[in-house]
Amino acid sequence: MSQVFSEETHRNLLARIPHCTGRAITDWLRTVEEGPALRFEERVSWLRHEHNLAYGHAKAIIHEYDLRRAARKLL
């Protein structure tokens, strides 16, 4: 079962990702966009194994990607 992060925790994780990884969130979102089309947890696992990310960071990136993709569809 996956963890459920609060909105505040999600934002805090996103804020720390550039410092911890050396890459901007937009770079990570582009990586996800160009990566394989998988389900949520599979994409988290892919990011963790292919890019050596911590679970929380990978999950925050995928969640943010999904949020932004959904927002684009509403416009």
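If you're wondering where the values come from, they're calculated on a predicted model, not measured in any experiment.

So, how was this worked out
Residues numbered from 1 in each chain as written. Predicted model: local features only at pLDDT ≥ 70, side-chain atom pairs only at ≥ 80, totals over all residues. Heavy atoms only, no water. Helix = DSSP H or I, 4+ residues; strand = E, 2+ residues; numbered from the N terminus. Contact = heavy atoms within 4.5 Å. Expected span 1.5 Å × (residues − 1). Buried < 20%, exposed > 50% of the residue type's maximum accessible area, 1.4 Å probe, protein only. Axes fitted to C-alpha atoms, helices over the stretch in contact; angles between N-to-C directions. Parallel < 35°, antiparallel > 145°, perpendicular 65-115°, else oblique. Left-handed = near helix turned anticlockwise from the far one by under 90°. Nonpolar A, V, L, I, M, F, W, Y, C, P; charged D, E, K, R; others polar. Phe/Tyr/Trp six-rings, centres within 6.5 Å; stacked < 30°, edge-to-face > 60°. Lys NZ or Arg CZ within 6 Å of the ring centre and 35° of its normal. Core = buried A, V, L, I, M, F, W, Y, C linked by side-chain atoms within 4.5 Å. Salt bridge = Lys/Arg side-chain N within 4 Å of Asp/Glu carboxyl O.

A. The arrangement of the side chain of His-10 in detail. Within the secondary structure, His-10 sits in helix H1 (residues 7-21). If sequence neighbours within four positions are ignored, His-10 has contacts with Phe-5, Ala-60, His-63, Glu-64 and Leu-67.

B. Representation of helix H4 (residues 55-74) in the model. Helix length check: H4, at 20 residues, gives a terminal C-alpha distance of 29 Å against a target of 28 Å (1.5 Å per residue), a fit within 8%. Of the positions making up H4, those classed as buried are Gly-56, His-57, Ala-58, Lys-59, Ala-60, Ile-61, Ile-62, Glu-64, Tyr-65 and Asp-66. Of the surrounding secondary structure, the elements contacted by the buried residues of H4 are H1, helix H2 (25-34) and helix H3 (40-51).

C. Quick look at the packing of H3 against H4. Following both chains from N to C, one finds H3 and H4 inclined at 130°, their axes separated by 9 Å at the closest point. Relative to H4, the element H3 lies oblique. When you trace H3 past H4, the crossing you get is right-handed. Taken together, the residues of H4 that come into contact with H3 (itself represented by Phe-40, Glu-41, Arg-43, Val-44, Leu-47 and Arg-48) are Tyr-55, Ala-58, Lys-59, Ile-61, Ile-62, His-63, Tyr-65, Asp-66 and Arg-69. Residue composition of the contact of H3 with H4, grouped by class: eight nonpolar, one polar and six charged.

D. Quick look at the packing of aromatic side chains. One pass over the full model with this rule turns up zero aromatic pairs. It is Arg-23 that lies over the ring of Trp-28; its NZ or CZ is 3.9 Å from the centre.

E. Layout of the nonpolar core. The biggest cluster of nonpolar side chains holds 16 residues, and the ones touching the most others in it are Ile-17, Trp-28, Val-32, Leu-47, Leu-53 and Ile-61. Counting residues per element, the ones that place at least two in this core are H1, H2, H3 and H4. Per-element accounting of this core gives the leading share, five residues, to H4. Residues within four places of Trp-28 in sequence aside, it is in contact with Ile-17, Thr-21, Arg-23, Leu-47, His-51, Leu-53 and Ile-61.

F. Up close: the pattern of salt bridges. One pass over the structure, following the stated rule, counts seven salt bridges. For Glu-42, the salt bridge is made with Arg-39, and the minimal N-O distance between the two is 3.7 Å. Note on Glu-42: relative accessible area 36%, which makes it partly exposed. Asp-66 serves as the salt-bridge partner of Arg-69, at 3.6 Å between the closest nitrogen and oxygen. Taken together, the residues span about one helical turn, with Arg-69 and Asp-66 both in helix H4 at a distance of three residues. Judged by relative accessible area, Arg-69 falls into the partly exposed class, the value being 31%. Taking the relative accessible area as the measure of exposure, Asp-66 reaches 18% and is therefore buried. It is possible to trace a salt-bridge network through shared partners that takes in Glu-7, Arg-11, Glu-64 and Arg-68.

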